[in-house]
Amino acid sequence: MIGLPHYLVVSAALLGIGVFGALTRRNAIAMLMGVELMLNAANLNFLAFWRFLSPKAMEPQVFVLIGFTIAAAEAAIGLAVVLNVYREYGTVNLDKIAELKG
Amino acid sequence: MSTETLGQFAFYSLAALVLLPAVFVVTTRNLVHAGFWLLPTLIGVAGLYALLQAHLFVPVQVLIYVGAILVLILFALMLTRDVMDPRERQTNGLVGWAALICGTGAFVAGHVLFRHAWPSPALKPDGPHAQAAALGAALIGRYALIFEAASVILLAALVVAIVIAKAPPSHAQPKPCGETDP
């Protein structure tokens with residue numbers, strides 16, 4: 001019987017993979033892909049809790065809708081910043097963009 | 001094959017569809033391939049939403065993530081890809097520590113969540129129509145303010161994204177990589 005724990009394990013694994021990608025990628029866009037994986041894990045968690053703990057409540061679905069909005073806003077702003085950084089520095093390698101490093 | 005076996009089969013194949021490509025997303029050297037590996041992951045998450053009977057979010061996930069965000073990411077990759085050689089190393093020096101921390105964290109979280117005695121589901125979700133109606137009523141009723149705030153955030157974010165990504169004035173020449181500001 002597939003229950004809440006199974007979904008939570010998948011979600012935890014997806015979050016771990018996303019954090020790994022965000023921490024280790026040198027390319028800024030690839031790092032943003034890791035962040036997208038993390039946001040997907042959060043949404044999956046919300047809907048799993050909704051389905052198995054309170055399927056009549058609407059709050060989790062509202063949260064997930066807000067989560068989609070935040071993900072879209074994050075992707076738009078993040079990629080705009082990355083494009084501007086590319087224009088300014090000629091690279092999106094996060095190791096080389098270190099002007100603020102002391 | 002019973003319904004339960006079918007449900008288990010669907011869940012485990014969707015979980016594999018989500019997690020295996022996700023590993024490739026964060027490890028593949030060719031970043032365009034990494035972007036395309038996001039596709040099965042996002043579709044798999046939509047499939048998990050369908051298994052969770054959150055019917056409304058299946059098309060929303062496909063439209064927003066696959067249709068909008070993934071296309072945006074692929075465009076950005078293709079606009080900037082000439083500097084990132086696929087043969088070059090794509091990860092920084094943190095790989096070992098990051099793998100250790102993320103692996104341990106995900107394992108401990110998964111273990112604790114799996115062992116926890118969750119209450120068994122008492123109720124079933126409504127059908128797709130009733131669910132969509134309830135969500136719509138919640139969005140224009142009790143959560144109208146949150147909904148409006150989200151739309152304002154999205155509008156502001158998109159305007160800011162356009163302003164940031166707009167072409168710079170012609171006197172600002174792009175600097176080659178490695179040169180610092182005079």
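You'll find the structure just up there.
Per chain, the residues get numbers from 1 upward, laid out in the order the sequence is written. Chain A is the first chain written and ligand 1 is the first ligand written, with later ones labelled in order. For this predicted model, a pLDDT threshold of at least 70 governs which residues receive local features, and a threshold of 80 or more governs which side-chain atom pairs are given and counted, while totals over whole chains, interfaces and linings are taken from all residues. The side-chain figures draw on all heavy atoms in the structure; neither hydrogens nor water molecules are used.

Each helix and strand in chain A was counted, giving three helices and zero strands. Counting from the amino terminus, helix and strand elements in chain A follow one another as α-α-α. Radius of gyration (C-alpha) of chain A: 17 Å, far over the 13 Å computed for a compact globule of 102 residues. Throughout this description, buried means an accessible area under 20% of the type-specific maximum (1.4 Å probe, protein chains only), exposed means over 50%, and partly exposed covers the range between. Counting across all 102 residues of chain A, residues that qualify as buried make up 60%. Sequence separation of 24 or more characterises 59% of the internal contacts of chain A that already satisfy a separation of 6 or more. Helix and strand definitions follow DSSP, with helices as H or I runs of at least four residues and strands as E runs of at least two, each counted in order from the N terminus. Only C-alpha atoms enter the radius of gyration, while the globule expectation follows 2.2 Å times N to the 0.38, with N the number of residues. Should any heavy atoms of two residues lie within 4.5 Å, those residues are considered in contact.

On to the packing of helix 1 (residues 4-24) of chain A against helix 1 (residues 3-27) of chain B, then. Across the interface, helix 1 of chain A lies against helix 1 of chain B with an axial gap of 9 Å and an inter-helix angle of 10°. Relative to helix 1 of chain B, the element helix 1 of chain A lies roughly parallel. Contacts between helix 1 of chain A and helix 1 of chain B involve His6, Tyr7, Val10, Ala13, Leu14, Ile17, Phe20 and Gly21 of chain A from the first element and Phe11, Tyr12, Ala15, Val18, Leu19, Ala22, Val23, Val26 and Thr27 of chain B from the second. Throughout, the ten residues Ala, Val, Leu, Ile, Met, Phe, Trp, Tyr, Cys and Pro are labelled nonpolar, Asp, Glu, Lys and Arg are labelled charged, and all others, Gly among them, are labelled polar. When grouped by side-chain class, the residues that make up the contact of helix 1 of chain A with helix 1 of chain B number 14 nonpolar, three polar and no charged. Note on geometry: axes are C-alpha line fits, over the in-contact stretch for helices, and angles between N-to-C directions span 0 to 180 degrees. Any angle that is under 35 degrees is reported as roughly parallel, and any over 145 degrees as roughly antiparallel; angles of 65 to 115 degrees are reported as roughly perpendicular and all others as oblique.

Listed as interface residues are 71 residues of chain A and, on the opposing side, 89 residues of chain B. Here the quantity called buried area is the total loss of accessible area, with a 1.4 Å probe, experienced by two parts when brought into contact, counted for both. Of the roughly 7,500 Å² buried at the junction of chain A and chain B (both faces included), carbon and sulfur atoms supply 75%. On the chain A side of the interface with chain B, the three residues burying the most area are Arg25, Met33 and Phe68 of chain A, jointly 10% of the side's total. For salt bridges, the criterion is a side-chain nitrogen of Lys or Arg within 4 Å of an Asp or Glu carboxyl oxygen. At the junction of chain A and chain B, the tally comes to two salt bridges.

Once that is clear, we can look at the layout of surface pockets. Grid points spaced at 1 Å over the protein atoms alone were grouped into cavities, where a 1.4 Å probe fits but cannot get out, and pockets, open sets with protein on both sides within 12 Å along at least five of seven lines, with lining residues defined by an atom within 4 Å of a point. Grid points are joined across faces, edges and corners, and a volume is the space filled by probe spheres set on the points. In this structure, the largest pocket spans a volume of roughly 300 Å³. If you go around the largest pocket, you meet 14 residues; those closest to its centre are Met1, Ile2 and Arg51 of chain A together with Gly7 and Leu51 of chain B. Counting residues per element, the ones that place at least two in the lining of the largest pocket are helix 2 (28-53) of chain A together with helix 1 of chain B. Element by element, the count of residues in the lining of the largest pocket is highest for helix 1 of chain B, at five residues. Broken down by class, the residue content of the lining of the largest pocket amounts to seven nonpolar, four polar and three charged.

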